[in-house]
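Chain by chain, the residues:
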4 protein chains.
Amino acid sequence: MTAARIGLIGTGYIGRAHAIALRSVGTVFPDVEPPVLELVADTDAARAETAARELGFRRSTGDWRTLVVDPEVDVVVVCTPNHLHRDMALAAIAAGKHVSCEKPLALSAADAREMARAADTAGLCHLVGFNYAVNPLLVTARELIASGEIGEPIGFHGRYLEDYLADPGLAFTWRCERALAGAGALADLGTHLVDLAHGLLGDIARVAARLTTVIGERREPVSGRARRVENEDCAQVLVEFANGVPGVVDVSRVATGYKCGLAFDLFGTRGSLRFDQERMNELQLYRNDDRAGLRGFRTILAGPEHGDYRPFCPAPGHGLGINDLKVIESRNLLAAIERRRGDVRAPGAAPDFHEGARVQRVIDAIERSHADSAWVEVPANGGVGR
Amino acid sequence: MTAARIGLIGTGYIGRAHAIALRSVGTVFPDVEPPVLELVADTDAARAETAARELGFRRSTGDWRTLVVDPEVDVVVVCTPNHLHRDMALAAIAAGKHVSCEKPLALSAADAREMARAADTAGLCHLVGFNYAVNPLLVTARELIASGEIGEPIGFHGRYLEDYLADPGLAFTWRCERALAGAGALADLGTHLVDLAHGLLGDIARVAARLTTVIGERREPVSGRARRVENEDCAQVLVEFANGVPGVVDVSRVATGYKCGLAFDLFGTRGSLRFDQERMNELQLYRNDDRAGLRGFRTILAGPEHGDYRPFCPAPGHGLGINDLKVIESRNLLAAIERRRGDVRAPGAAPDFHEGARVQRVIDAIERSHADSAWVEVPANGGVGR
Amino acid sequence: MTAARIGLIGTGYIGRAHAIALRSVGTVFPDVEPPVLELVADTDAARAETAARELGFRRSTGDWRTLVVDPEVDVVVVCTPNHLHRDMALAAIAAGKHVSCEKPLALSAADAREMARAADTAGLCHLVGFNYAVNPLLVTARELIASGEIGEPIGFHGRYLEDYLADPGLAFTWRCERALAGAGALADLGTHLVDLAHGLLGDIARVAARLTTVIGERREPVSGRARRVENEDCAQVLVEFANGVPGVVDVSRVATGYKCGLAFDLFGTRGSLRFDQERMNELQLYRNDDRAGLRGFRTILAGPEHGDYRPFCPAPGHGLGINDLKVIESRNLLAAIERRRGDVRAPGAAPDFHEGARVQRVIDAIERSHADSAWVEVPANGGVGR
Amino acid sequence: MTAARIGLIGTGYIGRAHAIALRSVGTVFPDVEPPVLELVADTDAARAETAARELGFRRSTGDWRTLVVDPEVDVVVVCTPNHLHRDMALAAIAAGKHVSCEKPLALSAADAREMARAADTAGLCHLVGFNYAVNPLLVTARELIASGEIGEPIGFHGRYLEDYLADPGLAFTWRCERALAGAGALADLGTHLVDLAHGLLGDIARVAARLTTVIGERREPVSGRARRVENEDCAQVLVEFANGVPGVVDVSRVATGYKCGLAFDLFGTRGSLRFDQERMNELQLYRNDDRAGLRGFRTILAGPEHGDYRPFCPAPGHGLGINDLKVIESRNLLAAIERRRGDVRAPGAAPDFHEGARVQRVIDAIERSHADSAWVEVPANGGVGR
């Protein structure tokens, strides 16, 4: 098998996380060939060079357009601010590269759909960085729902609460600017939560939302000038899944005290599930079939029976970390590429750009619902909204 | 001081809870005169007689209309199904009795307002059984918000989840019948949550809601005939407080695994609060003012520094129970009556019928929002909606 | 049935708790006749008179010796400092009164045995105030062990941690004085924990202990003079139960941050149990019989399936409080007295003075183990020491 | 800087964990040169070859004696059963290799001391795999203690509970055999806990212990013959630190339901700390200095303010995993080697073989205490016991 050669664009936090994962993926998962860290790009050539040395890439460049057409690169990993995802991914696809793109896939469902179609047409693998969903315990959660262990799902209560912008004194960043970030908390956090909800309960059909910009102005870092925050700090959303299940979704980047509060309660007719990323190694399960008087939410600690836990550690309860989720994501991408090499009709990676577009359709609908103060239907796969 | 003489209507669970509380209130709170348990009514005279013996009442009757006019009764406590609250309370008021009425105060805001006005006109004390809000830790929560300890409130996430009707095999009860219960989960659970939210953040100004009847039919207990459930099993609501704070409210009587999940997260610019009735002796507080690196939600155990805890136990962390909240409620009623005796302009009990009506206005708005699939304004104090 | 007439000695915290419980016991438990609160004694006649009024007793006295022989008193409840328990209980027994005595029953196993024998000889009911053990969830815990639900017990890890004397600035009290309190943390806290352990696993056969007085001196409240603390602040104990189960016991009155940390882990070959009084409405159960991958400690919320919960509330998860445990204790005492009236061979109350003596034998052995730096056998029922 | 060339002996669980860590350490910590995975040994040459391919080593061998003298190897990592640690480490040291050895360092304190002295004499770096102690939150815990944040330490309550041998049906393994494993739960688990305790409170001076073999016999895997288990399943220990702090230690490999229950409570005069490896991203802190009525254990989520968290993720609360601890351990080793290259008097790695020996002295004392049923002094650094 030939090792996939990686070209990484963006060397911030999430770029580093990918690099760390790509370095260890082959050791954790011997079934995939360890990739070659070939080329890294950043807007600043000097920073790219430093990153290459630190992250273990062979070469660096200050020009991402060079990277996406580099003949020694097989896979492009896009870890840049949101508004760049579309052009970078399309350029990489045009150059025949597989693409792994961070979330949100694009600033709109239309863009996301364009990206998915381009990649499909080119016969390439594509993946969106919804890493939380690969948590071994969430694989188990989806299996429990699918097998009817908790009966029919009848309610969903999801939230993704963080406080990274809770401090009004924090400077204006690209995340607050519509043209660069698209939505605010919805783009950063809501996309993860919607993807998680999709995996648990399928399509979201309708939404009614209220968005709020809590801190209306922030100061620009250099000039100190006050500048209007252009997207929402938090979003409260009523959702109705296509299967009729009602739900609530709550997303905030100003929820003081919450650091990674991606959490849900899922109620079924025979049981319920609870999860919170801040305790990512625990899944809570309640079963009506337990004996009366002995029922209760049980805390299942992640272990080798769950999803991809075992390759990390054969002992239960020892704990995975957030970076381990990126390792699983990397394995999924590399395995899909290897399959694709043998057979272009082989299944691609998951979650792919179609899921990225599906999530974006929900985000778009949420924003429109807020603008219209009305319930809004989420367009089906074929459409991308009005 | 003269002991207040109690007439209790309804001897089910909540009637018993009142009786237990009224028996011990004078010992826990020496500042109020122990009341006399004078007369108890139930629809069945024999059951009333048994109840009188078991609950310690002097006399019993099978006719509540006798009770409300009994000259030896000073206070009428209404613990009957929802649709009876209005007539019983109005009759008691007409007979010059103080009234404590279980929630929901009435089936509509209009009825509730009528009750409040009648009681005011008669110069009587009135109280609604929103017992959860007297929890000593929630007194502290309200003080912390008022004092600015968590900064400006910027978000609210409330839920009241129980599963008492989650089992589809459970029989049709009066709680499922519109004419007897009014709303479903909203009447049973939502009213408590709205009252709690009022206490924390003030008036709710607007709502957008979706109600769901998860289990559409239940069998009648005797005939076994299937019968349509006439009100909602769960309600998901977006709320906007009058002070601009956005929120989410989630209420369900079919949330498998939840037994008394009255809970909230309240985010402020400088801190946050969390509470869950299932752990009613714990309040969680996060403060930005704690030193960086040492911040975290702290679990405050109920103790003598909080609200009315001390008369129950001078030692912290030993734990109050749900019935103790009824004791505090009883004290509040009796103390208000004693004050009123000395001075008819003395403050009444809290939460009073006006709060009952205010809560009902929100419930009415939630139901209309669902019917109209639209945001609905909650009428101000003067009005009761269309 | 004739109502039992109560004489209460001591009007501090625990005396009040008894009074509150005795006031409501008949309403919560209709199967017992509500007792008459006849007479209350305190060392100071004026304080006794105030207490009578506040707690609802008919009469008061400044002389406990008057109380124990009062012809209108059937039951004497002893709520005084430890060193008085023996003389008061023996005097009450001599006068033919049933006795409920707070823990520790006496300052030594020898004294406790004398008290138990005197009460038995007189054919009277006797009870020790180990109220924690009547928690409905602990009744369930004992049933689970007895039924083999968690297999053979193989380990016990118990602790009772509080911090009521953690502050070195707190004044010297009678609790620090050997002649008045006997042991320190062991008397206050250890006795509860040993009683709990007895109920779960039976007799403790051997102990090895280390006692520590962390704060060696405290100031006397009036004089401000430094005075040596004469008993232990904490005790660490290895235990071996008669059935061979090994265990650890940890008791402290200076465990900063703990308010009522009476807790245990109990390991069995097929499951485990966990409990913590600070969350007294939760019992945690782990079962090996749960399906692989779905095992975990489940949190069982107290409800009507457990012990004496139902008379307090028919709904699960609504929560009992510490005072409710005293209500159950009072019911147990009154029911035993009623049974005894009909048949002097009827079973007495539980836990009785024999349990009080059994606990004291363990405490004595712990103290001796510390003194001798050696393992010490706990004498069997017949004996009271080496 | 020259990359360190690694020779790894043993390809089981913990060997793989080291390989995973060594692969990503240079990316996570750019301040160390990524090591070269040079040579891997296993008893079976074919398995070693497979491991080399899967774990990313250049070469393999079926003979560890070849590995330790290989000229292309700079560092030997020993991941074999306990009884082999001594000979392998001594051979590696004799060949001039730095050594990282898994715990327990040796089967006795005498052996461990010999290893430490040999490595020191040779001027080599040495490290023992006490990976739990490098948890960023435990770095913070030690800092809090050192800075007096919780006042004077006055009590310690440590436990390491797992259930990997709780099932009596599990076969006899080398872990049950004295000659191969040394102690049982004490070697596997107790060593970690003692190292943790050392870091928090310094030397342990005296112990009193009781060891129990709960499951006396297990069947051999092939023959099915019953065979006596030769070491303890659990150990209960009273400890006294050199600074006078009393404590309890509880270790078990048969604690049903516990998967990685390495936990402690540490009480101080002004605050307390709590930690549990099963929630390794949380540290609980109680401070007396918090305002009365607002005190409580706060849950600090791991974040960039703590120890070595930041290189893994700049965002708090996102979670590290057990393998990340091995990455930190690897960094510590490699950084020490790099320092040593520049200056042979530079500080070595921590925890080193001296700490391994210090832990083993405590384990030896615990075993002797059990044998003698007596308190036993832990010999000071110079000695290794009787």
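Everything numeric in this text was worked out from a predicted model, so none of it was measured. (Residues numbered from 1 in each chain as written. Chains lettered and ligands numbered in written order. Predicted model: local features only at pLDDT ≥ 70, side-chain atom pairs only at ≥ 80, totals over all residues. Heavy atoms only, no water.)

A short note on the interface of chain B and chain A
Alright, step 1. Taken together, the contacts link 40 residues of chain B with 40 residues of chain A.
Alright, step 2. Approximately 3200 Å² of surface area, both sides summed, lies buried where chain B meets chain A, with 61% of it carried by carbon and sulfur atoms.
Alright, step 3. Three residues, B:Arg210, B:Thr256 and B:Tyr258, lead the burial of chain B against chain A; their summed loss comes to 19% of the area buried on that side.
Alright, step 4. If you look at where chain B meets chain A, you find two salt bridges.
Alright, step 5. The shortest N-O distance in the salt bridge between A:Arg210 and B:Glu240 comes to 2.5 Å.
Alright, step 6. On the surface where chain B and chain A come into contact, there are 15 residue pairs in polar contact (both at pLDDT 80 or more).
Alright, step 7. Mapped onto the side of chain B that touches chain A, the elements with two or more residues apiece are strand S7 (153-161), strand S8 (204-212), strand S11 (234-241), strand S12 (246-252), strand S13 (261-268) and strand S14 (271-276) of chain B. (Contact = heavy atoms within 4.5 Å. Buried area = accessible area lost by both parts, 1.4 Å probe. Salt bridge = Lys/Arg side-chain N within 4 Å of Asp/Glu carboxyl O. Polar contact = N/O pair within 3.5 Å; in protein donor to acceptor, adjacent residues only side chain to side chain. Helix = DSSP H or I, 4+ residues; strand = E, 2+ residues; numbered from the N terminus.)

Some remarks on the interface of chain C and chain B
Alright, step 1. Taken together, the contact between chain C and chain B spans 36 residues of the former and 36 residues of the latter.
Alright, step 2. When the buried surface of chain C facing chain B is broken down by residue, C:Arg23, C:Thr27 and C:His318 rank first, second and third, together holding 21% of it.
Alright, step 3. For C:Arg279, the salt bridge goes to B:Glu282, with nearest N and O atoms at 2.6 Å.
Alright, step 4. Mapped by element, the contributors of at least two residues to the side of chain C that touches chain B are helix H1 (13-28), helix H2 (45-55) and helix H9 (322-342) of chain C.
Alright, step 5. With nine residues, H1(C) is the largest single contributor of residues to the side of chain C that touches chain B.
Alright, step 6. Grouping the amino acids of the side of chain C that touches chain B by side-chain chemistry returns 18 nonpolar, nine polar and nine charged. (Nonpolar A, V, L, I, M, F, W, Y, C, P; charged D, E, K, R; others polar.)

A look at the layout of surface pockets
Alright, step 1. What the second largest pocket holds in volume is close to 580 Å³.
Alright, step 2. Around the second largest pocket, the lining is made up of 23 residues, and of these B:Arg23, B:Pro34, B:Pro35, C:Arg23 and C:Gly56 lie nearest the centre.
Alright, step 3. The biggest single contributor to the lining of the second largest pocket is helix H1 (residues 13-28) of chain B, with three residues.
Alright, step 4. Residues of the lining of the second largest pocket, tallied by class, amount to 13 nonpolar, three polar and seven charged. (1 Å grid on protein atoms, 1.4 Å probe; cavity = no way out; pocket = protein on both sides within 12 Å on 5 of 7 lines; lining within 4 Å. Points joined across faces, edges and corners; volume = space filled by probe spheres on them.)

A closer look at the domain arrangement of chain A
Accessible area lost upon the coming together of the parts is a frequently used measure of interface size.
Residues and elements named next belong to chain A.
Alright, step 1. Once the domains are mapped, chain A shows domain 1 (5-132 + 326-347) and domain 2 (136-279 + 281-320).
Alright, step 2. Once you take the C-alpha centre of each, domain 1 and domain 2 turn out to be 25 Å apart.
Alright, step 3. Contact with domain 1, which involves 15 residues of that partner, is made by 21 residues of domain 2.
Alright, step 4. Where domain 1 abuts domain 2, roughly 1500 Å² becomes buried across the two surfaces, and 66% of that area is made up of carbon and sulfur atoms.
Alright, step 5. Taken together, domain 1 and domain 2 are joined by one salt bridge.
Alright, step 6. Between the two partners, domain 1 and domain 2, sit five residue pairs in polar contact (both at pLDDT 80 or more).
Alright, step 7. Of all the elements, helix H9 (residues 322-342) adds the most residues to the side of domain 1 that touches domain 2, at three residues.
Alright, step 8. Among the residues forming the side of domain 1 that touches domain 2, the class breakdown is nine nonpolar, four polar and two charged. (Domains from an automatic or database assignment.)

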